[in-house]
Amino acid sequence: MQTVKMVVTGPFNAGKTAFIRSVSEIDVVATERKISSEAEKVKETTTVAMDFGRITVDDDLVLYLFGTPGQKRFDFMWEILSEGMLGFIVMVDSTRPETFREARGILQTFRAYAPTPYVVAANKQDMPDAWDLEDMRVALRLDPKVKFMPCVAQKRDSVKTVLLELLYSILAEMEEGQS
Amino acid sequence: MALKGNLRDFTITQLLNLINMAQKSGLLVIEGPGETAKITFRQGKLAYAQLGQDDGSLASILHTTRKISQSQYQLLRQRTSQMSDKELGLLLINAGYLSQDDILSSLQVHFTEIVRRLFTWVEGFFKFEQDIYPPDGKITVRVDLENLIIEGSRQLREWEQLQEEIPSLDMAMKFTERPGTNLRSVNLSVEEWRVVSYVSPKNSIRMIARAAKMNDLEIRRVIYSLLQAGLVELVRAEGTPVAQPGRQFPTQNKDEQKSLVNKLIGRIRSL
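Summary of the structure given here. Given the structure is predicted, the values throughout are model-derived calculations rather than measurements.

1. Notes on the overall build of chain B
Item 1. Looking only at helices and strands, chain B features 10 helices and seven strands.
Item 2. Relative to all contacts within chain B whose residues are 6 or more apart in sequence, the contacts with residues 24 or more apart total 73%.
Item 3. Total accessible area on chain B is roughly 15200 Å²; 48% of this is exposed by carbon and sulfur atoms.

Written out as structure tokens, the structure is:
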């Protein structure tokens, strides 16, 4: 059995667990715990180790999706999770501009770990107070070449689009490398 | 009983707050990143501070705070090496070189500067032992901690923000490719120019900090302003070993790898 992996990262409450849940064929092996910190109580639980989803491609190939823990104190896990990844997705909560700076930091950290392709997904674009994509691109200081797309992590089609864009980037980089 | 702990669990600001509120007297030893600080308090006020290998002598503090010149410092070291700080202070006052205020304000500046530096320490161990004071010959001061705590909290917030912005000092910088940006027309401070002169994907931020003699906080501040102005962007430092990406594909054959990615694309489309 051949296995490959992709990593889904981003700040706390960006929607990483929901993203993996939308496409995983197994119940996501989530390691969620009740949040004890009042400051971070924008939701009831958070991922403390990692999320783990699976997509079987055929009898011989499986894609694993790993979600990084959301809270900063677990960032020691990032480097371990990033090892051997085909690429990564940075999830950003479009409704919480106070997390944009952290998202930039996470993106830079992952780029430093491994020079693999990545895409940035603006999650919660269906919410009324979601930031406009172009404004977010400026706030996140993303280069125009970086793939940045809207996302609603609960919707499978939206998640599929993000995953496909990452795979297209991986393919494009392989073709560039060969030419 | 000594109060012991880890700075991860109990920050410098919380420690100073405790010492201030409980009006504690004694010695706080902090083993930080690469050096050790020893701070003495009397009734909740800063009395004395010493950092790392610094000998903490009055002569060296007066020299650091520019109250005496290099040659005067050398002379004092040769001729007064057997004297205590109190004896030396008295000698300098009686000889009319310095006033008592000069000496006390120098010590205050030096000690508070050491405490300020501690606010950037987020890793390390601390131990507070009651009723331990510096040797008799040392001159102590009485500095209220409130302002230092407020300033420290502010600095800590800034430090946390800067760490989020620039998470690793092993990254390098390069000038952004924005046509029309003329660096000469931008008003930069002396520190910013010093850093700008080293900007190259070959130099990690850590190397630049060392060359420009800046601590972590100072270099992060400068780089943050350069990033905000859109003059530079962070890149992986050239020549640094690339983090071993591990085995990405189960096969090394490029065609098989492409076929594998195409299979993944097909599968995701079919979901």
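More follows now that the structure is in view.
2. Observations regarding the interface of chain B and chain A
Frequently, the measure chosen for interface size is the accessible area that the parts lose on association.
Item 1. In this complex, chain B contributes 32 residues to the contact, which on the side of chain A involves 40 residues.
Item 2. With both chains or domains summed, chain B and chain A bury close to 3400 Å², and 61% of this area falls on carbon and sulfur atoms.
Item 3. Area buried by chain B at its contact with chain A is led by Glu164(B), Ile268(B) and Leu271(B), which between them contribute 19% of it.
Item 4. Viewed at the interface, chain A and chain B are joined by three salt bridges.
Item 5. The partner of Glu175(A) in a salt bridge is Lys258(B), with the nearest N and O atoms 3.8 Å apart.
Item 6. If you look at where chain B meets chain A, you find five residue pairs in polar contact (both at pLDDT 80 or more).
Item 7. Where the side of chain B that touches chain A is concerned, the elements lending two or more residues are α6 (146-165), α9 (216-228), β7 (232-236) and α10 (254-270) of chain B.
Item 8. Its residues assigned to classes, the side of chain B that touches chain A shows 15 nonpolar, seven polar and 10 charged.

3. Examining the nonpolar core
Item 1. Ranked by internal contacts, the top residues of the largest apolar core, which has 40 residues, are Leu28(B), Ile30(B), Ile39(B), Phe41(B), Leu46(B), Leu107(B) and Phe111(B).
Item 2. For this core, the element with the highest residue contribution is helix α5 (residues 100-118) of chain B, accounting for six residues.
Item 3. When sequence neighbours within four positions are dropped, the list of residues in contact with Ile30(B) reads Leu7(B), Ile12(B), Glu35(B), Thr36(B), Ala37(B), Leu118(B), Trp121(B), Phe125(B) and Phe126(B).
Item 4. With 36 residues, the next largest nonpolar core counts Val57(A), Leu166(A), Leu171(A) and Met174(A) among its residues.

4. Quick look at the sheet that holds strand β1 (residues 3-6) of chain B
Residue and element names in this part refer to chain B.
Item 1. Judged by pairing direction, the sheet is antiparallel, and its five strands sit side by side in the order β1-β5-β2-β3-β4 without closing on themselves. Strands with a single pairing partner mark the edges of an open sheet, and in this sheet they are β1 and β4 (45-51). In this sheet, adjacent strand axes meet at a mean angle of 15° when their direction is disregarded.
Item 2. In the sheet, strand β2 (residues 26-31) pairs with strand β5 (residues 125-130) via six bridges, with the strands oriented antiparallel. Each bridged residue has a counterpart across the sheet, and for Val-29 the counterpart in β5 is Lys-127.
Item 3. In the packing of helix α1 (residues 12-21) onto the sheet, the strands contacted are β1, β2, β3 (36-42) and β5, and the crossing angle to β2 comes to about 175°.

5. Let's talk about the sheet that holds strand β5 (residues 61-67) of chain A
Residues and elements named next belong to chain A.
Item 1. Strand order in this open sheet of six strands is β4-β5-β1-β6-β7-β8, and the pairing throughout is mixed. Looking at the sheet topology across the chains shown, the edges are occupied by β4 (51-58) and β8 (148-150). Each adjacent strand pair in this sheet contributes to an overall mean axis angle of 25°, direction not counted.
Item 2. Strands β1 (2-9), β6 (87-93) and β7 (118-123) of the sheet are contacted by helix α3 (residues 100-113), whose axis makes an angle of about 175° with β6.

6. Describing the packing of aromatic side chains
Item 1. The full count for this structure, using the stated rule, is five aromatic pairs over all chains.
Item 2. Note on Phe88(A) and Phe110(A): the rings are 5.4 Å apart at their centroids and 40° apart in plane angle, and the pair reads as tilted. Here Phe88(A), found in strand β6, pairs with Phe110(A), found in helix α3; they are 22 residues apart in sequence, far enough to count as distant. Per residue, the accessibility class of Phe88(A) equals that of Phe110(A), and both read buried.
Item 3. On the basis of an interplanar angle of 40° and a centroid distance of 6.1 Å, the ring pair of Phe10(B) and Phe126(B) is categorised as tilted. Residue Phe10(B) is located in the loop between β1 and α1, and its partner Phe126(B) is located in strand β5; the two are separated by 116 residues in the primary sequence.
Item 4. Taken together, Phe88(A), Phe110(A) and Tyr118(A) form an aromatic cluster joined through their ring pairs.
Item 5. Across the ring face of Phe66(A), the terminal group of Lys5(A) is positioned such that the distance to the ring centre comes to 5.0 Å.
Item 6. The ring of Tyr133(B) is capped by Arg42(B), whose NZ or CZ atom sits 4.1 Å from the centre of that ring.

7. Focus: α3(A)
Residues and elements named next belong to chain A.
Item 1. Compared with an ideal rise of 1.5 Å per residue, which puts 14 residues at 20 Å, α3 spans 20 Å between its outermost C-alpha atoms and is within 8% of the ideal.
Item 2. Taking burial as the measure, the 14 residues of α3 include 11 buried ones, the bulk of the element.
Item 3. The set of residues buried in α3 consists of Phe-100, Glu-102, Ala-103, Arg-104, Gly-105, Ile-106, Leu-107, Gln-108, Thr-109, Phe-110 and Tyr-113.

8. Overview of the packing of α1(B) against α6(B)
Residues and elements named next belong to chain B.
Item 1. Here α1 crosses α6 at 165°, and the two axes come no closer than 10 Å. In this view, α1 runs roughly antiparallel relative to α6, as classed from their interaxial angle. Crossing geometry of α1 relative to α6 is assigned as left-handed. For the pair formed by α1 and α6, the contact residues are Thr-13, Leu-16, Asn-17 and Asn-20 on the first element and Glu-146, Ile-149, Ser-153 and Leu-156 on the second.
Item 2. Grouping the amino acids of the contact of α1 with α6 by side-chain chemistry returns three nonpolar, four polar and one charged.

9. Regarding α5(B)
Item 1. Over its 19 residues, α5(B) extends 28 Å from the first C-alpha to the last, a length consistent with the 27 Å expected when each residue adds 1.5 Å.
Item 2. Of the residues making up α5(B), those classed as buried are Ile103(B), Ser106(B), Leu107(B), His110(B), Phe111(B), Thr112(B), Ile114(B), Val115(B) and Leu118(B).

10. Quick word on the packing of α5(B) against α6(B)
Residues and elements named next belong to chain B.
Item 1. Two numbers describe how α5 lies on α6: the axes approach to 9 Å, and their chain directions differ by 35°. Pair α5 / α6 crosses with right-handed handedness. Here α5 contributes Thr-112, Val-115 and Arg-116 to the contact with α6, which in turn contributes Leu-148, Glu-151 and Gln-155.
Item 2. Along the lines of polarity and charge, the residues of the contact of α5 with α6 split into two nonpolar, two polar and two charged.

Basis of the calculations
- Residues numbered from 1 in each chain as written.
- Chains lettered and ligands numbered in written order.
- Predicted model: local features only at pLDDT ≥ 70, side-chain atom pairs only at ≥ 80, totals over all residues.
- Heavy atoms only, no water.
- Helix = DSSP H or I, 4+ residues; strand = E, 2+ residues; numbered from the N terminus.
- Contact = heavy atoms within 4.5 Å.
- Areas by Shrake-Rupley, 256 points an atom, 1.4 Å probe, with all protein chains shown as cover.
- Buried area = accessible area lost by both parts, 1.4 Å probe.
- Salt bridge = Lys/Arg side-chain N within 4 Å of Asp/Glu carboxyl O.
- Polar contact = N/O pair within 3.5 Å; in protein donor to acceptor, adjacent residues only side chain to side chain.
- Nonpolar A, V, L, I, M, F, W, Y, C, P; charged D, E, K, R; others polar.
- Core = buried A, V, L, I, M, F, W, Y, C linked by side-chain atoms within 4.5 Å.
- Buried < 20%, exposed > 50% of the residue type's maximum accessible area, 1.4 Å probe, protein only.
- Pairing = 2+ DSSP bridges.
- Axes fitted to C-alpha atoms, helices over the stretch in contact; angles between N-to-C directions.
- Phe/Tyr/Trp six-rings, centres within 6.5 Å; stacked < 30°, edge-to-face > 60°.
- Lys NZ or Arg CZ within 6 Å of the ring centre and 35° of its normal.
- Expected span 1.5 Å × (residues − 1).
- Parallel < 35°, antiparallel > 145°, perpendicular 65-115°, else oblique.
- Left-handed = near helix turned anticlockwise from the far one by under 90°.

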